[in-house]
2 protein chains.
Amino acid sequence: MTPTALDELVAAVTEVLRDVPARTAARTDRSGWGPDGVPDAVVRAHGVADVVAAMRWAHAHRVPVVARGSGSGLAGGASAGPGQVVLDLSAMDRIVEIRAEDAVAVVEPGVIAGDLDRAARAHGLRYAPDPGSVDLATIGGTIATNAGGLRCVKYGVTRDAVLALDVVLADGSLLRTGAGTLKGVTGYDLTSLVVGSEGTLGVVVGATLRLVPLPVATATIAASFTDVESAAAAATAITAAGVRPSTLELLDRATLAAVDAAQGTDLGAHGAALLLVQTDGFAAAAEADAVVAVLTPTAAHLEVTADPERTATLVAARRLALPSIERHGQVLIEDVAVPRSALAAAVRGIEQIAARTGVRVFTLAHAGDGNLHPVVLTDDGVVTPRVQDTVDAIVALALALGGTLTGEHGVGVLKRPWLDDELGPVARDVQARIKHAFDPHGLLNPGKAI
Amino acid sequence: MTPTALDELVAAVTEVLRDVPARTAARTDRSGWGPDGVPDAVVRAHGVADVVAAMRWAHAHRVPVVARGSGSGLAGGASAGPGQVVLDLSAMDRIVEIRAEDAVAVVEPGVIAGDLDRAARAHGLRYAPDPGSVDLATIGGTIATNAGGLRCVKYGVTRDAVLALDVVLADGSLLRTGAGTLKGVTGYDLTSLVVGSEGTLGVVVGATLRLVPLPVATATIAASFTDVESAAAAATAITAAGVRPSTLELLDRATLAAVDAAQGTDLGAHGAALLLVQTDGFAAAAEADAVVAVLTPTAAHLEVTADPERTATLVAARRLALPSIERHGQVLIEDVAVPRSALAAAVRGIEQIAARTGVRVFTLAHAGDGNLHPVVLTDDGVVTPRVQDTVDAIVALALALGGTLTGEHGVGVLKRPWLDDELGPVARDVQARIKHAFDPHGLLNPGKAI
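Just so it is clear, the structure is predicted and the values come from calculations on it, not from any experiment. (Residues numbered from 1 in each chain as written. Chains lettered and ligands numbered in written order. Predicted model: local features only at pLDDT ≥ 70, side-chain atom pairs only at ≥ 80, totals over all residues. Heavy atoms only, no water.)

1. Notes on the nonpolar core
(1) Moving on: In this structure, Leu-275, Leu-295 and Ile-434 of chain A together with Leu-275, Leu-295 and Ile-434 of chain B are the most contacted members of the largest nonpolar core, which totals 168 residues.
(2) Moving on: Contacts of Leu-295 of chain A, omitting those with residues within four sequence positions, involve Ile-221, Ala-223, Phe-225, Ala-234, Ile-238, Leu-275 and Leu-302 of chain A. (Core = buried A, V, L, I, M, F, W, Y, C linked by side-chain atoms within 4.5 Å. Buried < 20%, exposed > 50% of the residue type's maximum accessible area, 1.4 Å probe, protein only. Contact = heavy atoms within 4.5 Å.)

2. Comments concerning the pairing of strand E14 (residues 273–280) of chain B
All names here are of chain B.
(1) Moving on: Most of E14 sits inside the fold, with eight of its eight residues counted as buried.
(2) Moving on: Side chains Ala-273, Leu-275, Val-277 and Thr-279 of E14 all project onto a buried face; the interleaved residues Leu-274, Leu-276, Gln-278 and Asp-280 project onto the opposite face, where all are buried too.
(3) Moving on: Note: strand E12 (residues 218–225) against E14, eight bridges, orientation antiparallel. Bridged to Phe-225 within E14 is Ala-273.
(4) Moving on: Bridge analysis of strand E13 (residues 247–252) against E14 gives six bridges, and the strand direction is antiparallel. (Helix = DSSP H or I, 4+ residues; strand = E, 2+ residues; numbered from the N terminus. Pairing = 2+ DSSP bridges.)

3. Describing the domain arrangement of chain A
As a measure of interface size, the accessible area lost when the parts come together is often cited.
Residues and elements named next belong to chain A.
(1) Moving on: According to the domain assignment, chain A consists of domain 1 (3–88), domain 2 (95–213) and domain 3 (218–401).
(2) Moving on: Inter-centroid distance (C-alpha atoms) of domain 2 to domain 3 is 27 Å.
(3) Moving on: In this assembly, 10 residues from domain 2 lie in contact with 12 residues from domain 3.
(4) Moving on: Three residues stand out in domain 2 for area buried against domain 3, namely Leu-150, Val-153 and Lys-154, and they jointly supply 71% of the buried area on that side.
(5) Moving on: Asp-280 is paired through a salt bridge with Lys-154; the nearest N and O atoms lie 2.7 Å apart. (Domains from an automatic or database assignment. Buried area = accessible area lost by both parts, 1.4 Å probe. Salt bridge = Lys/Arg side-chain N within 4 Å of Asp/Glu carboxyl O.)

4. Brief notes about the interface of chain B and chain A
(1) Moving on: Every contact between the two is made by 79 residues of chain B and, on the other side, 79 residues of chain A.
(2) Moving on: Of the roughly 6,100 Å² buried at the junction of chain B and chain A (both faces included), carbon and sulfur atoms supply 62%.
(3) Moving on: Inspection of the chain B/chain A interface yields six salt bridges.
(4) Moving on: Asp-369 of chain A serves as the salt-bridge partner of Lys-183 of chain B, at 3.4 Å between the closest nitrogen and oxygen.
(5) Moving on: Counting across the chain B and chain A interface gives 26 residue pairs in polar contact (both at pLDDT 80 or more).
(6) Moving on: Elements with a minimum of two residues in the side of chain B that touches chain A: helix H6 (152–155), helix H7 (158–161), strand E9 (174–178), helix H8 (190–194), helix H9 (228–240), helix H11 (284–295) and helix H16 (419–438) of chain B.
(7) Moving on: Here the side of chain B that touches chain A takes 12 residues from H16 of chain B, the largest share from any one element. (Polar contact = N/O pair within 3.5 Å; in protein donor to acceptor, adjacent residues only side chain to side chain.)

5. Observations regarding the sheet that holds strand E8 (residues 162–168) of chain A
Residues and elements named next belong to chain A.
(1) Moving on: Spatially, five strands are ordered E5-E6-E10-E8-E9 in an open sheet, and the strand pairing comes out antiparallel. Taken across any chain shown, the strands that pair with only one partner, and hence form the sheet edges, are strand E5 (95–99) and strand E9 (174–178). Each strand of the sheet is rotated relative to its neighbour by a mean of 10 degrees, with strand direction disregarded.
(2) Moving on: Pairing of E8 with E9, which is carried by five bridges, proceeds in the antiparallel orientation. Considered in E9, the bridge of Val-168 is made with Leu-174.
(3) Moving on: Strands E5, strand E6 (104–107) and strand E10 (203–210) of the sheet are contacted by helix H4 (residues 113–121), whose axis makes an angle of about 40 degrees with E5. (Axes fitted to C-alpha atoms, helices over the stretch in contact; angles between N-to-C directions.)

6. Here's the deal with the packing of helix H1 (residues 3–12) of chain A against helix H3 (residues 48–61) of chain A
All names here are of chain A.
(1) Moving on: Across the interface, H1 lies against H3 with an axial gap of 9 Å and an inter-helix angle of 160 degrees. Regarding the angle of H1 to H3, the classification is roughly antiparallel. Of the two possible hands of crossing, H1 and H3 adopt the one that is right-handed. Mapping the contact onto sequence places Ala-5, Leu-6, Glu-8, Leu-9 and Ala-12 in H1 and Ala-53, Ala-54, Trp-57 and His-61 in H3.
(2) Moving on: In terms of residue class, the contact of H1 with H3 is built from seven nonpolar, one polar and one charged. (Parallel < 35°, antiparallel > 145°, perpendicular 65-115°, else oblique. Left-handed = near helix turned anticlockwise from the far one by under 90°. Nonpolar A, V, L, I, M, F, W, Y, C, P; charged D, E, K, R; others polar.)

7. Some words on the confidence of the model for chain A
(1) Moving on: Within chain A, residue pLDDT values average 96, and 100% of them lie at 70 or more.
(2) Moving on: ipTM for the predicted complex: 0.96, alongside a pTM of 0.96. (pLDDT = per-residue confidence, 0-100.)

8. Digging into the relation of the copies chain B and chain A
(1) Moving on: Mapping chain B onto chain A leaves a residual RMSD of 0.0 Å; the transformation is a rotation of 180 degrees accompanied by 0.0 Å of translation along its axis. Considering both components of the superposition, the chain copies are consistent with a two-fold axis. Taking the C-alpha atom as reference, chain B places Ala-283 of chain B closest to the rotation axis, 2.1 Å from it.
(2) Moving on: Looking at chain B, 100% of its interface residues are interface residues in chain A too, so the copies touch through the same face. (Least-squares fit on C-alpha atoms with pLDDT ≥ 70 in both.)

9. What to know about the environment of His-366 of chain B
(1) Moving on: In this structure, His-366 of chain B sits in strand E18 (residues 361–366).
(2) Moving on: In this structure, His-366 of chain B is in contact with Lys-183 of chain A together with Gly-149, Leu-150, Leu-248, Glu-249, Arg-318, Asn-371, His-373 and Glu-408 of chain B, ignoring residues within four places of it in sequence.

10. Quick look at H9 of chain B
(1) Moving on: Taking 1.5 Å as the rise per residue, H9 of chain B with 13 residues should run 18 Å; its terminal C-alpha atoms sit 18 Å apart, in good agreement.
(2) Moving on: Buried residues of H9 of chain B: Val-228, Ala-231, Ala-232, Ala-234, Ala-235, Thr-236, Ile-238 and Thr-239 of chain B, and no others.
(3) Moving on: Its buried side turned inward, H9 of chain B meets strand E11 (212–213) of chain A together with E12, E13, E14, H11 and helix H14 (343–357) of chain B.
(4) Moving on: Its side-chain oxygen 3.2 Å from the backbone nitrogen of Glu-229 of chain B, Asp-227 of chain B forms the N-cap of H9 of chain B.
(5) Moving on: Directly beyond the C-terminal end of H9 of chain B, a positive phi value near 90 degrees is found at Gly-242 of chain B. (Expected span 1.5 Å × (residues − 1).)

11. Brief notes about the sheet that holds strand E6 (residues 104–107) of chain B
All names here are of chain B.
(1) Moving on: Ordered in space as E5-E6-E10-E8-E9, the five strands form an open sheet in which the pairing is antiparallel. Edge positions in the sheet fall to strand E5 (95–99) and E9, since each has one partner strand and no second. Each strand axis lies, on average, 10 degrees off the axis of its neighbour in the sheet, ignoring direction.
(2) Moving on: Sheet topology note: the E5/E6 ladder contains four bridges and is antiparallel. If you follow Ile-98 over to E6, its bridge partner there is Ala-105.
(3) Moving on: Its contacts with the sheet place helix H3 (residues 48–61) against strand E8 (162–168), E9 and strand E10 (203–210), and it is angled at close to 140 degrees to E10.

12. With respect to the UniProt feature "domain: FAD-binding PCMH-type" (unreviewed entry) in chain A
(1) Moving on: UniProt tags residues 35–214 of chain A as "domain: FAD-binding PCMH-type" (unreviewed entry).
(2) Moving on: Along residues 35–214 of chain A the backbone is 24% helical and 25% strand, and the end-to-end C-alpha distance reaches 43 Å. (UniProt positions renumbered as here; feature names shortened; annotations may be inferred.)

13. Examining the environment of Gly-370 of chain A
All names here are of chain A.
(1) Moving on: In this fold, Gly-370 is placed in the loop between strand E18 (361–366) and strand E19 (371–377).
(2) Moving on: Given the relative accessible area of 0%, Gly-370 is considered buried.
(3) Moving on: Separated by 32 residues in sequence, Gly-370 and Val-338 have C-alpha atoms that sit 5.2 Å apart.
(4) Moving on: If we skip the residues at most four places from it in the chain, Gly-370 touches Val-336, Ala-337, Val-338 and Leu-343.

The structure is reproduced here in structure tokens:
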């Protein structure tokens, strides 16, 4: 990139950061992965016009651009290096409007997901997607990865919450997808295509999002089991009973120990695996009764509560599981998904892999979705061959069980080596053709996702 | 198309129909719209191999192919004419498996949607999408149009029910989309892209579908209102109260009169508009109570029932609304959607359009989704200028209210004239580029959808 080109960029947009600390901060995400060196510049977008100007400039000069929110991604999807410019959207953080009657919010991409949820509460509504990073992640980033979370077992993933998008394309043109209505079938579903595309098809500069009513009641159940198979079978039995839990999480023995040590709880005292179940809405109590009926025959210990304080403790135990585990050292956070019926086989298989490699693995799972997060302890931050072997074996196990290599975190850079194993040549080819249709010069987040 | 080419086709696949009645039957769908003349041949596919062979043949000879299920479409999407070959998938009607533990069905495209729903019932499950044509429409056709129905206000549209697809592409290669897991973000969402693409991107030859538990209970409420505004406002108030109804339908005065005349009911006796509301699941009774509380202040008449016979009568009144209206003559079935808050304005606007043009319009609406079906009476089957004026004005009204020109029936041929009004040039261009990426020679259902 020539100094003249960079000067043109500085003239075209509101704010360009060229100091080394800013460029270094934009090199990686929460995965820690990044290329050698740092990006050439960081554009802090202050509005759609900045994004349009930056992409026109990048298109004219054929400069690769990496869009970025708060950098909470776990797959290296927002990493950037020399020869690339980072487009930082975190300052575009306005909640433009909340239309309560339509249960719709219109937001800029830099809004923090948790902030939107809190703003919706004032209208008796909520924004359902709640990834673990909900208080860090921007809406743009959650759209890029199609983020999930604890509530999506009932309320759906980010894709289900996005009604329409404003997207700046590789040449700087502005695409409006969707109709802002709850239903619509005019043309191809460009909204769903852009959601989960990890910044490779366009830069999301605005989103119309579906909100849902705040539940009138919530019930919480913590059930302990002597082994993981019983817990997984119980999770399947809950959904088979027609219950639609709003949370259905599984924590294995290693995770429970880490949580108890960090948070002073005693969740591991009653068994080797825990199911955390929540029901909400008008049926919260009735569904909780049904859950208890399902769990009683096989649970070693059962606790039901509607007490807000105890509920908060139990939910925090799950939400703080990852930081609790991280007290043991730097980790790799895996993200595989399997058919729900294969959940027990997956958890047991992960235990066997850990036993074989000698690497510590803590498994927590969105059990209702069959989405597992095995958290793999590195050797003091180093991905040694046995750590890599562990991760490889976990992904291979998921695929062998009919699963997928990423349930909700995205492919980014870190999952690309396995893409061929899951997709096969025809799908790879179609993905590449779609990418080319949107971005013929390969400017948007090159080397990521596909 | 040369006789030699047709002979090659006959040699390549199991069954080709070349008689005029078969070709005439494949010319149009339920809309009645079709080009002059009939397609050159109809391939009756008996398996994936037939579809692959037919597409390889079509690709080699550059022959346009129109995939077809049962022809229940309403937008001319499956119409075909001279120089084209129809690929009839209705004989591929096997339910391959129902995996109850995963709540998943694997089916061929010719399975009738209602048949899958009935088969799922044996496992305590249901297939949620239920378009009006549920007992005619094939799964392949409902995937092509992203069909909705009465239940999608709670359970989602067809796209929400499709986990994975097998798709034969324009060159005969076989694409597998999705992962068969409940969550997955590996690569672009090709599943959602193919759903709703109206046969223009590929031919669906297999689908992995999500099933949902049969509800443990259902409650039904019929509420009459003195005017349409009150009914629409009540519909909005129901969802604002946090209720997730499984049915939320609005019928206007003209529709009620037609239904009462045809079915011997007296639904029009209590008001000028009716809301038909159902709640289901563990909260059926509690949500019904909440609905009654919301409706009582404004409803002119209120009936709540859990009696199966009375429920069946009320549901039939809605489900048979269209045939009841059709007793008055041939109709055009419109399908616009607006933001939920604009529902009353849309219904009132349609009444005003009908008053101006003198054309009779019967409006029924999936009120919970803001999806309206104004049913426009033709002049003895002829779309006269005033009928066309009525339809044009209805679509323009929907767009002016921030809506879309098709909520669930698809663009087909009939809605193409308005595409530019809704999508604009950038979106049109992106749609065309995606089409070209999948089908560079334009062989798949040309002239439809985009």
